[in-house]
Amino acid sequence: MEIVLTFFLVFSVYATIKDPNRSTPDGLGPLLIGLLICPISLAGGAFSGASMNPAGSFGPALTSGNWTGHWVYWAGPIVGSVFAVLICENFFIVHNQNHISLKKKVESL
């Protein structure tokens, strides 16, 4: 569940802020991300606590001394974030093809 929740969070960051061809006006991205965090937290809260961030789980685990299943709150957000970045970068964000890569610059020297 943490993988899916973090995927949606990171995907929304890429779609509203990182994408150079986004259709959202400047300054609206953080609001949209904040509005997405509420339903994600409500939907995932009953299942896994909807941490979406290892720091949000580390503090309570440290103070309570209960580390049972804590690896999920580290592995889930890492895997979900990497998956979201790979999907966005390879399938949704169109990069400018007019740039000259470093490899081509070195070859021309």
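Residues numbered from 1 in each chain as written. Predicted model: local features only at pLDDT ≥ 70, side-chain atom pairs only at ≥ 80, totals over all residues. Heavy atoms only, no water.

In the annotation of an unreviewed UniProt entry, the entry for the chain reads Aquaporin TIP4-1, and the organism field reads Platanthera zijinensis. Looking at the chain in UniProt, the text filed under Sequence similarities (unreviewed entry) is "Belongs to the MIP/aquaporin (TC 1.A.8) family." In its Subcellular location (unreviewed entry) section, the UniProt record describing the chain reads: "Membrane". (UniProt positions renumbered as here; feature names shortened; annotations may be inferred.)

A.B. asks: What is the right way to look at the overall build of the chain in this model?
C.D. replies: A tally of regular secondary structure across the chain gives 5 helices and 0 strands. Secondary structure elements of the chain occur, N-terminal to C-terminal, as α-α-α-α-α. A burial count over the chain gives 28% of its 109 residues as buried. For the chain, the accessible area works out to roughly 7500 Å², and carbon and sulfur atoms hold 69% of it. (Helix = DSSP H or I, 4+ residues; strand = E, 2+ residues; numbered from the N terminus. Buried < 20%, exposed > 50% of the residue type's maximum accessible area, 1.4 Å probe, protein only. Areas by Shrake-Rupley, 256 points an atom, 1.4 Å probe, with all protein chains shown as cover.)

A.B. asks: Would you mind going over helix H3 (residues 54-64) with me for this structure?
C.D. replies: Three- or four-residue spacings in an α-helix give side chains the same orientation, since the helix completes a turn every 3.6 residues. Taken residue by residue, H3 has Pro-54, Ser-57 and Ala-61 as its buried positions. Take H3 and look down its axis: the buried residues cluster within an arc of 70 degrees, on one side only. Away from the buried face of H3 by more than 90 degrees, exposed residues Ala-55, Leu-62 and Thr-63 are located. Next to the buried residues of H3 lie helix H4 (72-92). Gly-65 sits one or two residues past H3 and shows a positive phi near 75 degrees. (Arc of directions from axis to C-beta. Contact = heavy atoms within 4.5 Å.)

A.B. asks: What exactly am I supposed to notice about the UniProt feature "transmembrane region" (unreviewed entry) in the chain here?
C.D. replies: In this structure's numbering, the residues bearing the UniProt feature "transmembrane region" (unreviewed entry) are residues 31-50 and 71-93. From the first C-alpha to the last, residues 31-50 spans 19 Å; its make-up is 90% helix and 0% strand. For residues 71-93, the end-to-end C-alpha separation is 31 Å, with 91% helix and 0% strand making up the annotated structure.

A.B. asks: Help me understand the nonpolar core in this model?
C.D. replies: Nonpolar side chains tend to gather and get buried jointly when the protein is soluble and globular. In this structure, Phe-7, Val-10, Tyr-14, Ala-84, Ile-87, Cys-88 and Ile-93 together form the largest nonpolar core, which totals 7 residues. Broken down by secondary-structure element, the contributors of at least two residues to this core are helix H1 (2-18) and H4. The contacts of Tyr-14, once residues within four sequence positions are left out, are Asp-19, Val-85, Cys-88, Glu-89 and Ile-93. Leu-5, Ile-33, Ile-40 and Ala-50 belong to the second-largest nonpolar core, a separate cluster that totals 6 residues. (Core = buried A, V, L, I, M, F, W, Y, C linked by side-chain atoms within 4.5 Å.)

A.B. asks: Please clarify how H1 should be interpreted in this entry.
C.D. replies: With 17 residues, H1 should reach 24 Å at 1.5 Å per residue; the first-to-last C-alpha distance of 22 Å fits that figure. By the burial criterion, the buried members of H1 are Glu-2, Leu-5, Thr-6, Phe-7, Leu-9, Val-10, Ser-12, Tyr-14 and Thr-16. Looking at the buried positions of H1, the neighbouring elements they touch are helix H2 (29-48) and H4. (Expected span 1.5 Å × (residues − 1).)

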